[in-house]
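Coordinate inspection notes
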Amino acid sequence: MAPAGILSKLRSFISFLPFFFLLFILGIIKGALIGPIAFAIIVIGNSAVIIGLWSAHVVWTYYCVARTNRFGQVFKVVVLMCLPVPVLLWPIVGIVGSLLGGIGYGFFAPLLATFQAVGEGENVTNKFYHCFIDGCWSTIERSCTVVQDVTDFCFHSYFSYMDELRENLPPHEKQIDIQLSLLPCCLLVIVVGVPFDMALITSVAIWKSPYMLFKGWKRLLEDLIGRKGPFLETECVPFAGLAIILWPLAVVVAVLTASIFSLFLALYSGVVVQQEDSVKMGFAYIVSVVSLFDEYVNDLLYLREGSCFPRPIYRRNMSHDVERKNLGGGDNDLKHGRDGSQNSKHAIQQSRSMKWRIQQYRPVQEWGWLFKSCEVNGRILLRDGLISIGEVEECILKGHCKKLSIKLPAWSLLQCLLTSAKSNSDGLVISDDVVLTKMNGPKDRVFEWFIGPLLIMKEQLKKLELEETEETCLKELIMRCKNELPEEWDSTGFPSDDNVRRAQLQAIIRRLQGIVASMSRIPTFRRRFRNLIKVLYVEALQAGALASHIGGTVIPKHREKGSIQSKEDNAGEPSNKC
């Protein structure tokens, strides 16, 4: 770069400093004013929920573990003996987490909103206004949302997990059990592995933390001075200074996270002993997991490949190459990962602002697409009579949403799979101009867990080559039938009499419902789905009032409930034709 260019960049950097410090001071003031309110809401709300439901959690946990047939007798006794530890730690961890989360969110949310307001619109007056207003009331509202999500998890998600534990064991699954003779060996390996792995993994994290600190600072300063990466636009520049200041905090959090999770990595050594029936393999895992962690950190920080620690094989049927592949390692994976990081860097340079980047992040887009699809399909199902206003009302008032919260999203996913199969696309068609594939989706386990099975089911539907009449019937079948046996569809008018074809479709429907059932335990899902149901309910009432106003007839509320009851009374009769 020419000397004139360097001086220009340096002059731009120096002129930016007063502007940054003014925003930073304003953000600190807002954090000091709003933070205590958000802190009080989160701590008091979460603590009240955790302490209030703690006794119910204790009783129900012991009851479900004692009654489940998914655990063998030995494993069940061991779990019951170990339960006091997590049961007593849960309120402590929950309250301490609420304290730390309340402090962090209450202070940093207004601070970040102050810098984010710089990119709001083009009008200087609006930017100035939003610098003072943004992050005040919204932080308080989101603090209440945090308490609501914690309440949903403690009151709904937890009991849902426990109810699943009490369900009968499917015929193709085996009980989880341990060999009593191996129990002392497992305890021996855990006693040795916990201090060993926690000490070494924490040491590796502390040793590599300066690399993370200075490499991060170097990259942020290069992007700030050169106006690259996320700081390409002027309105994004204040984030550079904020990121530089907060980067040491991110490094400290990374070290603490590594230290905490090293405990769970060490505890897994007992599982290795049980699975491999070998104490030697358990000790090999204790040594090997340190090497795996070191290599993972080297890959993240773009240091030298591999690790200086030994890596003995702790699985009888696993080589080093398979091991590296399972953990995201390997030369090819590393090469692709680093190439991908360069591509992502170019993609980031196309971004217009930090807020725009957050909105375009794929997991957020997938989540929003699913609820938008549920909203559209919910209107259609209400219009076709497959969902009644009474069911919507019962979901809102009494919380009985099992049919709506499972079958409505399952039908939306199935419709997406059918559309994607007919379009011959490589991925999932989630909108007119967006196709989600493994190449453009987020590279994480959540994506693989959610999207991977959907892509497999899409290929299965493509091979089935469904006719239009069959697709039309599936909407009613997924909403009204249990879909456990092919014979259930005999009286529904489904065009195909092939039981193998029916069984394949029912297996896909059950798998979709299983995926949705797992997602419905996420508090964010419950909150957004409740909001969706309220929108559908208001629209249905407005449509009914409009029909009444123009001379139509609206079914009274008591008749609606009566119609539901009559359906339940006639449950044994054949279903309506498609």
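Thresholds applied
Residue positions within a chain follow its written sequence, with the count starting from 1. For a predicted model such as this one, the threshold for reporting local features is a pLDDT of at least 70, and the threshold for listing and counting side-chain atom pairs is 80 or more; totals across whole chains, interfaces and linings nevertheless cover every residue. The basis for every side-chain value is the complete set of heavy atoms in the structure, and neither hydrogens nor water enter the calculation. Secondary structure counts use DSSP, requiring at least four H or I residues in a row for a helix and at least two E residues in a row for a strand, with both numbered from the N terminus. Residue burial is assigned from relative accessible area. The probe radius is 1.4 Å, only protein chains are included, and a residue is buried under 20% of its type maximum, exposed over 50%, and partly exposed in between. Residue contacts are defined here by distance: any two heavy atoms, one from each residue, within 4.5 Å place the two residues in contact. Areas reported here follow the Shrake-Rupley algorithm with a probe of radius 1.4 Å; residue values treat only the protein chains shown as occluding. Each patch is built from salt-bridge-free residues with over 30% relative accessible area, joining like charges within 9 Å and nonpolar side chains (Val, Leu, Ile, Met, Phe, Trp, Tyr) within 5 Å. Just to be clear on terms, a salt bridge is a Lys or Arg side-chain nitrogen sitting within 4 Å of an Asp or Glu carboxyl oxygen. What pLDDT conveys is the predictor's confidence in a given residue, as a value from 0 to 100. Any Phe, Tyr or Trp ring, taking Trp's six-membered ring, that has another such ring centre within 6.5 Å forms a pair; planes under 30 degrees apart are called stacked, those over 60 apart edge-to-face, and the others tilted. The definition of a nonpolar core used throughout is a set of buried Ala, Val, Leu, Ile, Met, Phe, Trp, Tyr and Cys residues joined through side-chain atoms within 4.5 Å. Multiplying 1.5 Å by the residue count of a helix minus one yields the expected span of that helix. What the bend at a residue measures is the angle between two axes, fitted to the seven residues ending there and to the seven starting there. Polar contacts, as counted here, are pairs of nitrogen or oxygen atoms within 3.5 Å of one another; within protein the pair requires one atom able to donate a hydrogen and one able to accept it, and residues that are adjacent in sequence qualify only if both atoms are side-chain atoms. For helices, the fitted line uses only the C-alpha atoms of the stretch in contact; every axis is such a line through C-alpha atoms, and the angle between N-to-C directions lies from 0 to 180 degrees. Orientation is classified from the angle alone, with under 35 degrees giving roughly parallel, over 145 giving roughly antiparallel, 65 to 115 giving roughly perpendicular, and any other angle giving oblique. By definition, any crossing whose near helix is turned counterclockwise from its far helix by less than a right angle is left-handed, and any crossing with a clockwise turn is right-handed. Three classes are used, and their members are as follows: Ala, Val, Leu, Ile, Met, Phe, Trp, Tyr, Cys and Pro are nonpolar, Asp, Glu, Lys and Arg are charged, and the others, Gly among them, are polar.

Secondary structure summary: the chain contains 19 helices and 2 strands in total. Of all 578 residues assigned to the chain, the portion counted as buried reaches 40%. Within the chain, residue pairs in contact and separated by at least 24 positions form 75% of the contacts whose partners lie at least 6 positions apart. Carbon and sulfur atoms make up 65% of the accessible area of the chain, which amounts to about 32,400 Å² in all.

Together, Val-85, Leu-89, Ile-92, Val-93, Val-96 and Leu-100 make up a nonpolar patch on the protein surface, roughly 560 Å² of accessible area in all. Looking at the element boundaries, Val-93 is found in helix α3 (residues 84-116). Overall, Val-93 belongs to the exposed group, its relative accessible area being 52%.

Our next topic: unusual backbone geometry. Even without a glycine there, the phi angle at Tyr-302 is positive, about 60 degrees. Along the chain, Tyr-302 turns up in the loop between α8 (279-301) and α9 (320-326). The partly exposed category is assigned to Tyr-302, whose relative accessible area is 40%. Even without glycine at this site, Glu-465 takes up a positive phi of about 50 degrees. By secondary structure assignment, the location of Glu-465 is in the loop between α15 (445-464) and α16 (468-480).

Attention now moves to the confidence of the model for the chain. Overall, the predicted model of the chain reaches an average pLDDT of 79, with 77% of residues at or above 70. Residue range residues 552-577 is modelled with pLDDT below 50. Its contacts to residues more than four positions away, or to other chains, number 26 contacts.

On inspection of all chains with the given rule, the structure shows 13 aromatic pairs. Ring centres 6.1 Å apart and planes at 55 degrees place the aromatic pair Phe-261 and Phe-264 in the tilted group. One end of the pair, Phe-261, and the other, Phe-264, are both in helix α7 (residues 237-276), 3 residues apart, so they sit about a helical turn from each other. Grouped by ring-pair contacts, the aromatic residues Phe-155, Tyr-158 and Phe-159 constitute a single cluster.

By size, the foremost hydrophobic cluster in this structure holds 56 residues, and its most contacted members are Leu-414, Leu-454, Leu-461, Leu-474 and Leu-512. Beyond its immediate stretch of four places on either side in the chain, Leu-512 contacts Ala-410, Leu-413, Leu-414, Leu-417, Leu-454 and Met-457. Ala-258, Ala-284, Val-290 and Val-297 belong to the second largest nonpolar core, which has 17 residues in total.

Looking at the secondary structure, you find Lys-407 in helix α14 (residues 402-423). Taking relative accessible area as the criterion, Lys-407 reaches 17% and is therefore assigned buried. Remark: the alpha-carbon pair of Lys-407 and Val-516, spanning 109 residues in sequence, is separated by 8.2 Å. Among residues more than four places away in sequence, those in contact with Lys-407 are Lys-402, Ile-478, Met-479, Arg-480, Cys-481 and Gln-513.

Time to look at the pattern of salt bridges. Counted by the stated rule, this structure contains 18 salt bridges. Two residues, Arg-527 and Asp-149, come together in a salt bridge whose shortest N-O distance is 2.9 Å. In this pair, Arg-527 sits in helix α18 (residues 523-549) while Asp-149 sits in helix α5 (residues 137-166), placing the two residues 378 residues apart along the sequence. Overall, the relative accessible area of 18% leaves Arg-527 in the buried class.

We now examine α3. Along its 33 residues, α3 runs 45 Å from first to last C-alpha, staying within 8% of the 48 Å computed at 1.5 Å per residue. The principal kink in α3, of about 30 degrees, is found at Trp-90, preceding the proline Pro-91 by one to four residues. Burial in α3 covers these residues: Val-87, Pro-91, Gly-94, Ser-98, Gly-102, Gly-106, Ala-109, Pro-110, Leu-111, Ala-113, Thr-114 and Phe-115.

Let us look at the environment of Arg-316. If you trace the backbone, Arg-316 turns up in the loop between α8 and α9. What Arg-316 contacts, discounting residues up to four positions off in sequence, is Glu-276, Asp-277, Ser-278 and Met-281. There is a polar contact of 2.2 Å between the side chain of Arg-316 and the backbone oxygen of Glu-276.

What follows deals with the packing of α14 against helix α17 (residues 499-519). Contact geometry of α14 with α17 gives a least axis separation of 9 Å together with a crossing angle of 125 degrees. One finds that α14 runs oblique with respect to α17. Where α14 crosses over α17, the handedness of that crossing is right-handed. Counted together, Ser-405, Ile-406, Lys-407, Pro-409, Ala-410, Leu-413, Leu-414 and Leu-417 of α14 and Ile-508, Ile-509, Leu-512, Gln-513, Val-516 and Ala-517 of α17 form the full contact between these two elements. Partitioning the contact of α14 with α17 into residue classes produces 11 nonpolar, 2 polar and 1 charged.

With 21 residues, α17 extends 30 Å between its outermost C-alpha atoms, agreeing within 8% with the 30 Å of an ideal straight helix rising 1.5 Å per residue. Listed as buried for α17 are Arg-501, Arg-502, Leu-505, Gln-506, Ile-508, Ile-509, Leu-512, Gln-513, Ile-515, Val-516 and Met-519. Sitting at the head of α17, Asp-498 places a side-chain oxygen 3.1 Å from the backbone nitrogen of Val-500.

Now for the packing of α16 against α17. Close contact between α16 and α17 brings their axes to 12 Å; oriented N to C, the two are set at 50 degrees. Comparing their axes, α17 and α16 come out oblique. Of the two possible hands of crossing, α16 and α17 adopt the one that is right-handed. Here α16 contributes Glu-470, Leu-474 and Ile-478 to the contact with α17, which in turn contributes Arg-501, Leu-505, Ile-509 and Gln-513. Residues of the contact of α16 with α17, tallied by class, amount to 4 nonpolar, 1 polar and 2 charged.

Looking now at the environment of Glu-539. Relative to the helices and strands, Glu-539 resides in helix α18. Look at Glu-539 and you get partly exposed, because its relative accessible area is 29%. The sequence separation of Glu-539 and Arg-379 amounts to 160 residues, and the corresponding C-alpha distance is 8.6 Å. Excluding residues that lie within four positions of it along the chain, Glu-539 makes contacts with Glu-375 and Arg-379. Reaching out from Glu-539, the side chain makes a polar contact with the side chain of Arg-379 at a distance of 2.6 Å.

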